[in-house]
Structure formats: structure tokens, C-alpha cells
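So the chains spell out like this:
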Amino acid sequence: LYRNCDVLRPAVNCVIYQNTLASFGAVLDEITNKVQLVNGAVLRLYTMEGEPVVSPAQLISGSCYVAAHKEKFKKCEYFPPSDFNIISPGVNRKA
């Protein structure tokens, strides 16, 4: 998951459990908790090509998506998730 046109933040991995997929609102709530937009809750979800996602049935495991508040999709050069060395904030790194 990426923030809409926020190329400075790395992609965030988000696991959506089967019971959450029963409601698109629940999916958006889960994504909101993960990406933490500065302007509010995630109200729109887009594919990387800018197509709106409006149903949990459209989500494909392992795919990347763009999360937005009320704004439309903005085409940006997002870094592939593998380009980042993502370390959980709760993990202690050895010096």
C-alpha cells in the first residue's frame, strides 16, 4: 500500500483477514490504521494504474494499491516495495 502521491514514504504491507473482506468499509478501516494518512481516513483505494477499487472482491493478494482520502488518484513514480529495506519499528537492530 502506498499513500496517494507520497513518493517519500515506502510501501506498507497490510494483511487483510478473511472476515474483514465481508465489508469494504472494514477493509478501508484496516488500511486506514496501516497507512495513517495525514488528511484523515482512507476513503478511496486505487490500483497502481489508477483504477478505483470499490469492492473487496477486486483485491488480489500480493498486489500493490494506492490509498487516498477524498482526492483522486495521482500518477507518481512509486518505488517497488522490494527497493526498501523495511524493518518493523518494534524490531531491535544490532549495532
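Scoring rules and cut-offs
Residues numbered from 1 in each chain as written. Predicted model: local features only at pLDDT ≥ 70, side-chain atom pairs only at ≥ 80, totals over all residues. Heavy atoms only, no water. Helix = DSSP H or I, 4+ residues; strand = E, 2+ residues; numbered from the N terminus. Expected span 1.5 Å × (residues − 1). Buried < 20%, exposed > 50% of the residue type's maximum accessible area, 1.4 Å probe, protein only. Arc of directions from axis to C-beta. Contact = heavy atoms within 4.5 Å. Polar contact = N/O pair within 3.5 Å; in protein donor to acceptor, adjacent residues only side chain to side chain. Core = buried A, V, L, I, M, F, W, Y, C linked by side-chain atoms within 4.5 Å. Salt bridge = Lys/Arg side-chain N within 4 Å of Asp/Glu carboxyl O.

A. Structural view of helix α1 (residues 24-35). Given a rise of 1.5 Å per residue, 12 residues ought to cover 16 Å, and the 16 Å separating the end C-alpha atoms of α1 matches this to within 8%. Those residues of α1 not exposed but buried are F24, V27, L28, I31, T32 and V35. Take α1 and look down its axis: the buried residues cluster within an arc of 140°, on one side only. Those residues of α1 hidden inside the fold are in contact with β1 (2-3), β2 (44-47), β3 (52-53) and β4 (65-68). Of the residues that open α1, the one with a side-chain oxygen 3.3 Å from the backbone nitrogen of G25 is S23. Two residues or fewer after α1 comes Q36, characterised by a positive phi angle close to 50°.

B. Representation of the nonpolar core within the structure. In terms of nonpolar packing, the biggest core is built from 13 residues, with L1, F24, I31, V35, V42, L45 and A67 touching the most fellow members. Going through the elements one at a time, α1 and β4 are the ones with two or more residues in this core. Looking at this core element by element, the count peaks at five residues for α1. Contact partners of I31, with chain neighbours within four places excluded, come to L1, C14, I16, V42, L45 and A67.

C. Main features of the pattern of salt bridges. Counted by the stated rule, this structure contains one salt bridge. Among the ionic pairs, R3 bridges to D6, the shortest N-O distance being 3.6 Å. Using a relative accessible area of 12% as the deciding quantity, one classes R3 as buried. A residue is classified by how much of its surface remains accessible, and D6, at 18% relative accessible area, is buried.

Function-wise, these values are silent; they only describe arrangement.
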